[in-house]
Amino acid sequence: IFEYDPATNTFNKKTEFSNTTVGFNPYDGLLEVSNGKFYGLCRDGGANGNGLGTLFEYDLSTNVITHKLTFSGSNGETPEGGLVKAPNGKLYGTTRYGGANSKGVLFEYDIATNTYSKKYDFGASSTSPAEPAASLALSSNGKLYGSTLFGGTGNRGVLLEFDITTNTP
């Protein structure tokens, strides 16, 4: 994690991803939330050496990274996008693999309670959305939008919509 000050053109390394428990190989940026901390995903690493990815918290005031969640396969694996904060205060993201069909999951993480919830398993059929590899976007209508590498007619990928109030795609 680094800090860059454009006013002074100063670059400062804050910390390194070298701990397999916290995770390593972050594929997307950090998300700052209301508690003043940053949250992110690592594609690799995890508790117990499973290497399936992590969700972490970074505290700028203490320069400490804290492991919050290890992906285990059934709850997802290999996150390649970032996190988005919804109006309900919860964080949402996807993993490229894992879940019930090994084609990824859409998940929710509650920072207030440190609670993870899988919301959707990708790849239920040959035309279902599968393998999301990018961040979700929050629309002004309160829904999440994303894309997948596979699924749909011709298996060329789909654009998906997810309603967080009804937990339905």
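Shown above is the structure to which this text applies.
Please read these numbers as outputs of a predicted model, since none were measured by experiment.

> How would you sum up the pattern of salt bridges? Please name residues and give values.
This model, assessed by the stated rule, comprises 11 salt bridges. The closest approach of N and O atoms between Arg96 and Glu131, which form a salt bridge, is 3.1 Å. Highlighted residues: Arg96 in the loop between β8 (91-95) and β9 (105-110) and Glu131 in the loop between β10 (115-121) and β11 (137-138), separated in sequence by 35 residues. In this structure, the salt-bridge partner of Lys143 is Glu161, at a minimum N-O distance of 3.7 Å. Placement of the pair is Lys143 in the loop between β11 and β12 (144-147) and Glu161 in strand β13 (residues 159-162), with a sequence separation of 18 residues. Taking relative accessible area as the criterion, Glu161 reaches 33% and is therefore assigned partly exposed. Members of the salt-bridge network, linked through shared partners, are Arg43, Asp44, Glu80, Arg96, Lys103 and Glu131.

> So, the sheet that holds strand β3 (residues 31-32): which residues are in play, and what are the values?
Note on sheets: strands pair through backbone hydrogen bonds, and any given pair is parallel or antiparallel. Taking strand neighbours across the sheet as the criterion, the four strands line up as β3-β4-β5-β6 in an open arrangement whose pairing is antiparallel. Of all strands in the sheet, those with a lone pairing partner are β3 and β6 (64-70), marking the two edges. Where strand β5 (residues 54-59) and β6 come together, six bridges link them in antiparallel fashion. Within β6, the position partnered with Asp59 by the bridge is Val64.

> Give me the packing of aromatic side chains: which residues, what numbers.
By the definition in use, this model includes eight aromatic pairs. Measuring from ring centre to ring centre gives 5.2 Å for Phe17 and Phe56, while their planes differ by 70°; the resulting arrangement is edge-to-face. Here Phe17, found in the loop between β2 (10-13) and β3, pairs with Phe56, found in strand β5; they are 39 residues apart in sequence, far enough to count as distant. Taking relative accessible area as the criterion, Phe17 reaches 21% and is therefore assigned partly exposed. The rings of Phe71, Phe107 and Tyr116 are connected pair by pair, giving a single aromatic cluster.

> Break down empty space enclosed by the protein for me, citing the residues and quoting the values.
As enumerated under the stated definition, the model contains one cavity of 30 Å³ or more in all. Its volume calculated, the largest cavity comes out at about 40 Å³. What lines the largest cavity is Tyr27, Asp28, Gly29, Tyr39, Gly40, Leu41, Gly81, Gly82 and Leu83. When the residues that make up the lining of the largest cavity are grouped by side-chain class, the tally is four nonpolar, four polar and one charged.

> Break down a nonpolar patch on the surface for me, citing the residues and quoting the values.
On the surface, Phe2, Tyr4 and Phe11 cluster together into a nonpolar patch covering about 370 Å² of accessible area. Looking at the secondary structure, you find Tyr4 in strand β1 (residues 2-5). A relative accessible area of 42% places Tyr4 in the partly exposed class.

> Help me get a handle on the pairing of β5, residues and values and all.
Summarising burial for β5: six of the six residues are buried, a large majority. Both faces of β5 are covered, namely the face carrying Thr54, Phe56 and Tyr58 and the face carrying Leu55, Glu57 and Asp59. When strand β4 (residues 38-42) meets β5, the two strands line up antiparallel, connected through five bridges. Along β5, the bridge assignment pairs Gly40 with Phe56. Two successive antiparallel strands, β5 and β6, enclose a turn made up of four residues, where Asn63 displays a positive phi of approximately 60°.

> Report on the nonpolar core, specifying residues and quantitative values.
Counting residues in hydrophobic clusters, the biggest one holds 15 residues, and the most contacted among them are Tyr39, Leu55, Leu83, Leu91 and Phe107. Only β4 and β9 provide two or more residues apiece to this core. If near-sequence neighbours (up to four positions away) are discounted, Tyr39 is found in contact with Gly29, Leu30, Leu31, Val33, Leu55, Phe56, Glu57, Leu83, Leu91, Tyr109 and Ile111. One finds Val84, Ala86, Leu106 and Phe122 within the second-largest nonpolar core, a separate group that totals 10 residues.

Here is what the cut-offs are and how they apply
- Residues numbered from 1 in each chain as written.
- Predicted model: local features only at pLDDT ≥ 70, side-chain atom pairs only at ≥ 80, totals over all residues.
- Heavy atoms only, no water.
- Salt bridge = Lys/Arg side-chain N within 4 Å of Asp/Glu carboxyl O.
- Helix = DSSP H or I, 4+ residues; strand = E, 2+ residues; numbered from the N terminus.
- Buried < 20%, exposed > 50% of the residue type's maximum accessible area, 1.4 Å probe, protein only.
- Pairing = 2+ DSSP bridges.
- Phe/Tyr/Trp six-rings, centres within 6.5 Å; stacked < 30°, edge-to-face > 60°.
- 1 Å grid on protein atoms, 1.4 Å probe; cavity = no way out; pocket = protein on both sides within 12 Å on 5 of 7 lines; lining within 4 Å.
- Points joined across faces, edges and corners; volume = space filled by probe spheres on them.
- Nonpolar A, V, L, I, M, F, W, Y, C, P; charged D, E, K, R; others polar.
- Patch = residues over 30% accessible without salt bridge, like charges linked within 9 Å, V, L, I, M, F, W, Y side chains within 5 Å.
- Areas by Shrake-Rupley, 256 points an atom, 1.4 Å probe, with all protein chains shown as cover.
- Core = buried A, V, L, I, M, F, W, Y, C linked by side-chain atoms within 4.5 Å.
- Contact = heavy atoms within 4.5 Å.

Everything listed is a geometric property; what it means functionally is a separate question.
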